[in-house]
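Descriptive structure summary
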Amino acid sequence: MKDINTFISESLQQRIKNHSLRTLKPENSLIDFCSNDYLGFSRSEELKMLFDDELKNYPEYRLGSGGSRLLAGNHSFTESLENQIAIFHDSESALIYNSGFDANIGLFASLPQRGDTIISDEYIHASIIDGIRLSHASRYIFRHNDLSSLEQKLKLAKGKIFIVVESAYSMDGDEAPLKEITKLAKQYNAALIVDEAHAVGIFGESGRGMVHELGLCEEVFARIITFGKALGTHGAAILGSSQLRSYLINFSRAFIYTTAAPFLNHLAVKSAYLYFKSRDHQTDIHQRIKLFKQSIKSGTKLLDSRSAIQIIVIPGNDKAREAARLIQQGGFDVRAILSPSVAAGSERLRICLHNHNLTTEIKNLCELLNRIL
């Protein structure tokens with residue numbers, strides 16, 4: 001039997017052989033076209049000033065939370081923030097988690113039970129997949145955004161039924177047909193759960209998300225929103241009924257058995273929401289999305305997306321990696337997404353647009369793309 005070190009070494013060597021070894025890279029001086037900071041909040045001087053002003057109201061704050069929220073880590077400020085978040089997103093309640101990964105693990109590992117059925121889109125986020133694996137429910141996967149495939153799986157479902165989709169998908173930038181999925185959910189008495197990580201800040205009034213934009217807040221059983229993308233901070237929340245919130249507080253191990261995030265983190269989230277509401281941030285990002293799409297030459301394998309995520313498919317790890325290298329040499333931080341993160345043959349450049357990207361930067365990036373692709 002192989003020892004553990006041999007196993008680790010052979011696993012890494014296989015990644016090297018497949019040209020798919022992941023490594024960490026420090027910050028760089030390239031122009032950002034890869035982060036999820038779509039609205040530029042994480043680098044906003046206005047938001048920093050707003051945070052500093054808010055902090056003056058809490059001179060006795062602590063650096064740490066003191067424990068899990070069921071012990072010493074719960075504070076009236078946090079519960080007030082959850083209430084504000086719920087009101088903003090037109091939800092009955094909100095429960096904050098330390099990350100989007102924690103929220104998805106916490107929800108899916110605790111809610112579906114043995115004998116239930118979870119039906120998820122094939123492109124669903126890895127954290128949801130991991131959460132589903134921790135449940136005892138049966139799982140079906142339907143073809144991406146394929147309503148016929150979804151209904152076929154619904155006809156096979158037993159017990160309580162959960163349909164799981166993302167409103168905007170992180171690796172394609174496209175959208176789920178939420179209105180049609182909502183109708184199917186109602187028809188088959190299924191609970192629809194929508195991950196809005198890449199939609200909050202981009203879609204809906206004042207960035208409330210795609211579910212809100214489509215007027216489906218009362219039709220969707222639960223939403224997962226994250227603070228680490230358009231909000232420029234860190235953490236996540238599950239939106240849903242007050243009863244769901246109480247259930248998660250009692251049964252979600254990812255919530256129960258973790259130290260709560262510190263006050264400063266929650267204050268940053270509150271400040272980001274205040275900044276959300278202070279002015280229109282969405283017009284700028286959608287103008288940049290439009291400019292990018294108009295500036296890419298025809299014939300390029302640019303996937304259809306109205307989100308801040310723009311995808312150019314370049315099949316093959318080597319070809320996608322080489323394209324990214326040339327773009328980075330040109331001064332732009334664009335990353336290749338390689339298999340196995342995406343299916344072999346669909347390797348790509350994942351280009352994220354931001355409000356901090358100047359129009360000249362977007363045009364220059366597109367000129368370079370048009371030359372090398």
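Just above, that's the structure.
Just so you know, these numbers come straight off a predicted model, no measurement behind them.

Quick word on the layout of surface pockets
- As a volume, the largest pocket reaches approximately 1,000 Å³.
- Only helix H13 (317–329) and strand S11 (335–337) provide two or more residues apiece to the lining of the largest pocket.
- For the lining of the largest pocket, the element with the most residues is H13, which contributes four residues.
- There is about 730 Å³ of room inside the second largest pocket.
- In terms of lining residues, the second largest pocket is bounded by 30 residues, among which Ile124, His125, Ala126, Ser170 and Met171 are the most central.

Some remarks on the pairing of strand S6 (residues 190–195)
- For S6, the tally of buried residues reaches six of six residues, placing the bulk of the element in the interior.
- On S6, burial covers both faces: Ala190, Leu192 and Val194 on one face and Ala191, Ile193 and Asp195 on the other are all buried.
- Here six bridges tie strand S5 (residues 161–166) to S6, and the two strands are oriented parallel to one another. Pairing of Glu166 across the sheet is with Asp195, part of S6.
- Handedness of the S5-helix H7 (residues 178–187)-S6 crossover: right-handed.

Overview of the sheet that holds strand S12 (residues 348–352)
- Taken in spatial order, the three strands of this open sheet run S9-S12-S11, and their pairing is antiparallel. Since the sheet does not close on itself, it has two edges, and those belong to strand S9 (309–313) and S11, each with one partner. Here the average twist between neighbouring strands, direction ignored, is 35°.
- Examined bridge by bridge, S9 and S12 share five bridges and lie antiparallel to one another. Bridge pairing in S12 links Gln310 to Ile351.

Considering the pairing of strand S7 (residues 222–226)
- Most of S7 is tucked away: five of the five residues are buried.
- The alternating pattern of S7 places Ala222, Ile224 and Thr226 and Arg223 and Ile225 on opposite faces, both of which are buried.
- Looking at chain direction, S6 and S7 are connected through three bridges and run parallel. Along S7, the bridge assignment pairs Val194 with Arg223.
- Note: S7 against strand S8 (residues 236–240), four bridges, orientation antiparallel. Looking at S8, one finds that Thr226 is bridged to Ala236.

A word on the packing of H13 against helix H14 (residues 359–372)
- Contact geometry of H13 with H14 gives a least axis separation of 10 Å together with a crossing angle of 140°. On the basis of their axis angle, the class for H13 and H14 is oblique. Relative to H14, the crossing made by H13 is right-handed. Counting all contacts with H13, which are made through Ala323, Leu326 and Ile327, the residues of H14 involved are Leu365, Leu368, Leu369 and Ile372.
- Taken together, the residues of the contact of H13 with H14 break down into seven nonpolar, no polar and no charged.

Observations regarding the packing of aromatic side chains
- One pass over the full model with this rule turns up 13 aromatic pairs.
- By way of ring pairs, the aromatic residues Phe41, Phe88, Phe227, Tyr273, Tyr275 and Phe276 are connected into one cluster.
- The cationic tip of Arg208 hangs over the ring face of Phe88; the distance from NZ or CZ to the ring centre is 4.2 Å.

A closer look at the environment of Asp172
- On the secondary structure map, Asp172 appears in the loop between S5 and H7.
- In this structure Asp172 comes out as buried when scored by relative accessible area, which is 13%.
- For the pair Asp172 and Tyr123, spaced 49 residues apart in the sequence, the C-alpha separation amounts to 8.9 Å.
- Setting aside residues up to four positions removed in sequence, Asp172 forms contacts with Tyr123, Leu303, Ser305, Ile311 and Arg348.

What to know about empty space enclosed by the protein
- Using the criterion set out here, one finds two cavities of 30 Å³ or more in the structure.
- Considered as a void within the structure, the largest cavity measures approximately 90 Å³ in volume.
- In terms of lining residues, the largest cavity is bounded by Arg69, Ile96, Tyr97, Asn98, Asp102, Ala254, Phe255, Thr258, Thr259, Ala260, Ala261 and His266.
- Listing elements by their share of the lining of the largest cavity, those giving two or more residues are strand S2 (93–97) and helix H10 (253–256).
- Its residues assigned to classes, the lining of the largest cavity shows six nonpolar, four polar and two charged.

As for the sheet that holds S2
- Spatially, the seven strands line up as an open sheet ordered S2-S8-S7-S6-S5-S3-S4, and their pairing is mixed. The sheet terminates laterally at S2 and strand S4 (138–142), the two strands that pair on one side only. Taken over all neighbouring pairs, the strand axes of this sheet differ in orientation by 20° on average, direction set aside.
- Packed on one face of the sheet, helix H9 (residues 242–251) meets S2, S7 and S8 and runs near 30° to S2.

Rules behind the numbers
Residues numbered from 1 in each chain as written. Predicted model: local features only at pLDDT ≥ 70, side-chain atom pairs only at ≥ 80, totals over all residues. Heavy atoms only, no water. 1 Å grid on protein atoms, 1.4 Å probe; cavity = no way out; pocket = protein on both sides within 12 Å on 5 of 7 lines; lining within 4 Å. Points joined across faces, edges and corners; volume = space filled by probe spheres on them. Helix = DSSP H or I, 4+ residues; strand = E, 2+ residues; numbered from the N terminus. Buried < 20%, exposed > 50% of the residue type's maximum accessible area, 1.4 Å probe, protein only. Pairing = 2+ DSSP bridges. Right-handed = clockwise from strand over helix to strand, strands pointing away. Axes fitted to C-alpha atoms, helices over the stretch in contact; angles between N-to-C directions. Parallel < 35°, antiparallel > 145°, perpendicular 65-115°, else oblique. Left-handed = near helix turned anticlockwise from the far one by under 90°. Contact = heavy atoms within 4.5 Å. Nonpolar A, V, L, I, M, F, W, Y, C, P; charged D, E, K, R; others polar. Phe/Tyr/Trp six-rings, centres within 6.5 Å; stacked < 30°, edge-to-face > 60°. Lys NZ or Arg CZ within 6 Å of the ring centre and 35° of its normal.

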